[in-house]
Amino acid sequence: KKTRDALGLSAFKGREVDESLFEELEEKLILADVGVNTTLELIDYLRNEAKKRKIKSSDQLLELLKGKLKEMLSKCRGSFNISEKPSVILVLGVNGVGKTTTIGKLAKQLKEKGYCVVLAAGDTFRAAAIEQLEVWAERAGVRIIKGQEGTDPAAVVFDAIQSVKAKGDDILIVDTAGRLHNKDRLMKEIHKIKKVIGREFPGQPAEILLVLDANTGQNAISQARAFKEITDVTGIALTKLDGTAKGGIVIAICNDLKIPIKLVGIGEKIEDLRKFDPKEFVEGLFEVEKE
Amino acid sequence: MFDALAEKVQSAIEKIGRKGRIDEETLEKGLREIKLALLEADVNYRVVSNFIKDIKEKALGAKVIKGVNPAQQLVKIVHDELVQTLGGEAEKLNLKGKPSVILLIGLQGSGKTTTAAKLANYLKKQGKRVLLTSVDVYRPAAMLQLKKLGDQIGIPVFLEEKEKDAVKIAKDALLKAKDESYDVLVVDTAGRLHIDEELLEEARKIKEEVVPDETLFVIDSMTGQESVNIAKAFDERVGMTGIVLTKMDSDARGGVALSVKGVTGKPIKFAGVGEKIDDFEPFYPDRVASRILGMGDIVSLVEKA
Ligand SMILES: Nc1nc2c(ncn2[C@@H]2O[C@H](COP(=O)(O)OP(=O)(O)OP(=O)(O)O)[C@@H](O)[C@H]2O)c(=O)[nH]1
Ligand SMILES: Nc1nc2c(ncn2[C@@H]2O[C@H](COP(=O)(O)OP(=O)(O)OP(=O)(O)O)[C@@H](O)[C@H]2O)c(=O)[nH]1
Ligand SMILES: [Mg+2]
Ligand SMILES: [Mg+2]
């Protein structure tokens, strides 16, 4: 059983709009990892609107904030681009954010929709990463193509592509090793993997999914920016939202970088993956504490 | 790497500097910028507020040093306070038992398994006979991951791959460590949420079973505002004697160090600085303080004056 501590905005109900209200709201937004810049922007917006529309009650102000957040996030909505056959989904991210787990969950969902899915064990670096993905492939009931630990990931991807060609599968999902966005050599490795995919399947990968951990603070912006610079990230999967972190950083990322958020991870089990729903996400932030 | 932060604090310095002395008004202005900078470094909001309050008292009372720009002096005060809060000197492991036991706990993906291997190797280099064990019965291939790392560094790994009871594995590992007179047993655990009652209870039972000399809480240096709640929950519900900060090779400012130290009071003992086994070092509070502020140069400038 888990207890969930919401943003605690219930304390804002039925109050007058005054300076302390703005200050407390600022605190709440920063505590949700929305980040200093975006928070100040939002508070400025609220101040101006409150003045303009002569808003006196905090309830109205909260509704205004909610509406604004929904509007911001609804611009970062996007569906999965897997219309081509075959489609390739390349999964990237820094260490330990949940790439391999998300792939396992996603494979299961796509398989249940009737797609023939294959996984490529492109993390040949981390100890037992291949075996970890193998377990997920088995759980999802999909095929996996792997190489030896320590071999070139691009070679594994090449093998996986040949296998997809031979068997006529619909979707290939490529796992990759965790890589920090400030490490040039590792970031450039992405080009090599992408080149192999594009050469064999023109126009692919149609989806380049960046996995972000909801527990991450301001550094997530730096991650998103660096990955976007090195390659065309088409979407974000936000994991570990089952913790207490609010993942407010996606608001800033959406605002600054306009990368669609596509999936959210809400646990370690295979069914714990949802489509990102801006409305639900914002309602979650405003959720009153539950038993 | 720290340009954005450095610029902010620099502009704060200029604002205060023009007046030539630290009075209340300039202090307020400067501290506001420093507050924002700390928040951008992911120091928890409440920790920042308390920290700023303390600084204000110290800075207002401080005599202005001759030949030093009061702005620089303020930054020096902030830096010193940060170093102090972060723990001054790097703290060593406190291992007394025979065998001594080190238990690693933390959230999913924080770096526990990697740290277990790094720590074991670090102790082996000091001439200790080390046994590793994994009681992670949940994550796919978790035990194999530790086994492979152990093989890489020539350290035995005790595993019961079929066993589903983590507490039982911990107990058996300790027995083996005693029987074969190892100096240290390092216990890697499954990642768990700080709000998962069942798994917290499991961690507590493992701890009761192995009675660790050190329970190290492993946290990712890129963690945001929630770090205080996470650290506090692990400290209260399981208990910890120290902290390991991982992935410090990222470009994160590492404000989480101040947050977790501030809220638990427990020493940060090590930093993980890469994926390789050797990427592991003692935690240096002064370096991290400068990193949070991005102000290394100015601090040494004041030191010279
Ligand atoms: N609570 C929770 N845990 C998750 C979620 N997604 C992944 N995890 C856990 O996070 C840890 C890391 O997940 P992985 O899938 O191995 O992450 P990764 O990005 O592949 O890691 P590397 O390959 O080492 O970079 C595992 O313990 C997962 O079970 C989630 O949505 N919620
Ligand atoms: N760059 C970098 N990566 C690290 C560091 N420490 C761990 N990692 C990486 O982070 C990822 C997760 O590390 P693990 O040791 O598997 O984390 P864990 O806490 O055992 O994860 P769970 O068992 O799933 O909870 C792996 O890809 C590691 O290689 C570090 O200091 N720097
Ligand atoms: Mg992985
Ligand atoms: Mg582990």
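Use the structure listed above.
Remember, predicted model here, so these are calculated numbers, not experimental data. (Residues numbered from 1 in each chain as written. Chains lettered and ligands numbered in written order. Predicted model: local features only at pLDDT ≥ 70, side-chain atom pairs only at ≥ 80, totals over all residues. Heavy atoms only, no water.)

Asks: Just checking my understanding: could you explain the overall build of chain B for this structure?
Replies: For chain B, the count of helices and strands is 12 helices and 8 strands. Taken over 305 residues, chain B has a buried fraction of 61%. Put simply, 78% of the contacts in chain B that link residues at least 6 apart link residues at least 24 apart. Element-wise, carbon and sulfur atoms account for 48% of the exposed surface of chain B, whose accessible area totals about 12300 Å². (Helix = DSSP H or I, 4+ residues; strand = E, 2+ residues; numbered from the N terminus. Buried < 20%, exposed > 50% of the residue type's maximum accessible area, 1.4 Å probe, protein only. Contact = heavy atoms within 4.5 Å. Areas by Shrake-Rupley, 256 points an atom, 1.4 Å probe, with all protein chains shown as cover.)

Asks: Would you explain the pairing of strand S5 (residues 207–213) of chain A in this entry?
Replies: Looking along a regular strand, one sees the side chains alternate between the two faces of the sheet. All names here are of chain A. Here S5 lies mainly inside the structure; 7 of its 7 residues are buried. Side chains Glu-207, Leu-209, Val-211 and Asp-213 of S5 all project onto a buried face; the interleaved residues Ile-208, Leu-210 and Leu-212 project onto the opposite face, where all are buried too. With 4 bridges joining them, strand S1 (residues 87–92) and S5 adopt parallel strand pairing. Within the sheet, the bridge partner assigned to Ile-89 lies in S5 and is Glu-207. As paired elements, S5 and strand S6 (residues 235–239) share 5 bridges and run parallel to each other. Each residue of the ladder has a partner; that of Asp-213, found in S6, is Thr-239. (Pairing = 2+ DSSP bridges.)

Asks: Could you clarify how one ought to interpret the environment of Ser-57 of chain A in this entry?
Replies: All names here are of chain A. When you line up the elements, Ser-57 lands in the loop between helix H2 (36–52) and helix H3 (58–74). Considering only alpha carbons, one finds Ser-57 and Gly-14, 43 residues apart in sequence, at a separation of 6.5 Å. In this structure Ser-57 touches Arg-15 and Val-17, once residues within four positions along its chain are discounted.

Asks: Help me understand the site of ligand 1, please; the structure alone is not making it clear to me.
Replies: Close contacts around ligand 1 come from 22 residues, with Lys-99, Thr-100, Thr-101, Asp-242 and Glu-268 of chain A the closest. In this structure, ligand 1 is bordered by residues of chains A and B. Val-97 of chain A is positioned with one of its backbone polar atoms (N or O) 3.3 Å from an oxygen atom of ligand 1. When the free accessible area of ligand 1 is taken as 650 Å², the share hidden by the protein chains comes to 96%. Of all the elements, helix H4 (residues 99–112) of chain A adds the most residues to the shell around ligand 1, at 4 residues. (Near = heavy atom within 4 Å. Polar contact = N/O pair within 3.5 Å; in protein donor to acceptor, adjacent residues only side chain to side chain.)

Asks: Whenever I open this one, the site of ligand 2 confuses me. Can you help?
Replies: Around ligand 2 sit 23 residues, and of these Gly-111, Lys-112, Thr-113, Thr-114 and Arg-139 of chain B come closest. Near ligand 2, the surrounding residues are drawn from chains A and B. Contact distances for ligand 2 include 2.8 Å between an oxygen atom and a backbone N or O atom of Gly-111 of chain B. For ligand 2, an oxygen atom lies 3.0 Å from a polar atom in the side chain of Gln-145 of chain B. When ligand 2 sits alone it has 650 Å² of accessible area, and the protein chains cover 96% of it. Per element, the largest residue contribution to the shell around ligand 2 is 4 residues, and it comes from helix H5 (residues 112–125) of chain B. Across the shell around ligand 2, the residue classes tally to 3 nonpolar, 12 polar and 8 charged. (Nonpolar A, V, L, I, M, F, W, Y, C, P; charged D, E, K, R; others polar.)

Asks: Explain helix H1 (residues 19–31) of chain A here, please?
Replies: For an α-helix the count is 3.6 residues per turn, leaving residues at separations of three or four pointing the same way. Along its 13 residues, H1 of chain A runs 19 Å from first to last C-alpha, staying within 8% of the 18 Å computed at 1.5 Å per residue. On its buried face, H1 of chain A sits against H2 and H3 of chain A together with helix H2 (24–40) and helix H3 (45–61) of chain B. Note on H1 of chain A: the residue one or two positions beyond its end, Asp-33 of chain A, has a positive phi of about 65°. (Expected span 1.5 Å × (residues − 1).)

Asks: Just checking my understanding: could you explain the sheet that holds strand S3 (residues 157–158) of chain B for this structure?
Replies: Residue and element names in this part refer to chain B. If you trace the 8 strands from one edge of the open sheet to the other, you get S3-S2-S4-S1-S5-S6-S7-S8, paired in mixed fashion. Either end of the sheet is taken by a strand with one partner, and the two such strands are S3 and strand S8 (280–282). Pairing of strand S1 (residues 100–105) with strand S5 (residues 214–220), which is carried by 4 bridges, proceeds in the parallel orientation. Residue Ile-105 lies in a different strand from S5, and its bridge partner there is Phe-217.

Asks: Is there a simple way to explain the state of the cysteines in this structure?
Replies: Disulfide: a covalent bond formed between the sulfur atoms of two cysteine residues. Residues and elements named next belong to chain A. In this structure the tally under the stated criterion is 1 disulfide over all chains. Between the sulfur of Cys-76 and that of Cys-254 lies a disulfide, 2.2 Å long from S to S. On the sign convention where negative means left-handed, the S-S torsion of about 100° between Cys-76 and Cys-254 marks this disulfide as right-handed. On the criterion of sequence distance, the pair formed by Cys-76 in the loop between H3 and S1 and Cys-254 in helix H9 (residues 249–257) is long-range, its members being 178 residues apart. A single burial state applies to Cys-76 and to Cys-254, both of which are buried. (Disulfide = S-S within 2.5 Å.)

Asks: I tried to follow the sheet that holds S5 of chain A on my own but got confused; where do I start?
Replies: All names here are of chain A. The strand order across the open sheet built from 8 strands is S3-S2-S4-S1-S5-S6-S7-S8, with neighbouring strands paired in mixed fashion. Edge positions in the sheet fall to strand S3 (143–145) and strand S8 (273–275), since each of these pairs with one other strand and no more. Taken over all neighbouring pairs, the strand axes of this sheet differ in orientation by 25° on average, direction set aside. Sitting on the sheet, H4 touches S1, strand S2 (117–122), strand S4 (171–176), S5, S6, strand S7 (261–265) and S8, and the angle it makes with S4 is about 170°. (Axes fitted to C-alpha atoms, helices over the stretch in contact; angles between N-to-C directions.)

Asks: Hey, could you run me through the interface of chain A and chain B in this one?
Replies: Counting residues at the interface gives 46 residues for chain A and 39 residues for chain B. When chain A packs against chain B, close to 3700 Å² is buried across both sides, 53% of that on carbon and sulfur atoms. At the junction of chain A and chain B, the tally comes to 5 salt bridges. A salt bridge links Glu-131 of chain A to Lys-148 of chain B, with the nearest nitrogen and oxygen atoms 3.1 Å apart. Between chain A and chain B we count 19 residue pairs in polar contact (both at pLDDT 80 or more) in total. Taken together, the elements giving at least two residues each to the side of chain A that touches chain B come down to H1, H2, helix H5 (129–140) and helix H8 (219–230) of chain A. Among the elements that line the side of chain A that touches chain B, the one with the most residues is H1 of chain A, at 6 residues. Tallied by class, residues from the side of chain A that touches chain B come to 13 nonpolar, 17 polar and 16 charged. (Buried area = accessible area lost by both parts, 1.4 Å probe. Salt bridge = Lys/Arg side-chain N within 4 Å of Asp/Glu carboxyl O.)

Asks: Any chance you could explain H3 of chain B here in plain terms?
Replies: Residue and element names in this part refer to chain B. With 17 residues, H3 ought to run about 24 Å at 1.5 Å a step, and its terminal C-alpha atoms sit 25 Å apart, in line with that. Burial in H3 covers these residues: Tyr-45, Val-47, Val-48, Phe-51, Ile-52, Ile-55 and Ala-59. Down the axis, H3 shows its buried residues gathered within 135° of arc, on one side only. Of the exposed residues in H3, those oriented more than 90 degrees away from the buried face are Lys-53, Glu-57 and Gly-61. Where H3 begins, the side chain of Asn-44 points an oxygen toward the backbone nitrogen of Arg-46, at a separation of 2.8 Å. (Arc of directions from axis to C-beta.)

Asks: Would you explain the environment of Glu-89 of chain B in this entry?
Replies: Position of Glu-89 of chain B relative to the elements: it lies in the loop between helix H4 (70–86) and S1. Separated by 180 residues in sequence, Glu-89 of chain B and Lys-269 of chain B place their C-alpha atoms 9.8 Å apart.

Asks: I would appreciate a short explanation of the pattern of salt bridges in the present structure.
Replies: A pair can form between side chains of opposite charge whenever their charged atoms are brought close. Tallied over the entire structure, the rule returns 41 salt bridges over all chains. Where Glu-24 of chain A meets Arg-15 of chain A, a salt bridge forms, and the shortest distance between an N and an O atom there is 3.0 Å. Given a relative accessible area of 24%, Arg-15 of chain A falls into the partly exposed group. For Glu-226 of chain B, the salt bridge is made with Lys-246 of chain A, and the minimal N-O distance between the two is 3.6 Å. Pair noted here: Glu-226 of chain B is in the loop between S5 and helix H9 (227–237) and Lys-246 of chain A is in the loop between S6 and H9, and the two residues belong to different chains. Lys-246 of chain A carries the same exposure label as Glu-226 of chain B, and that label is buried.

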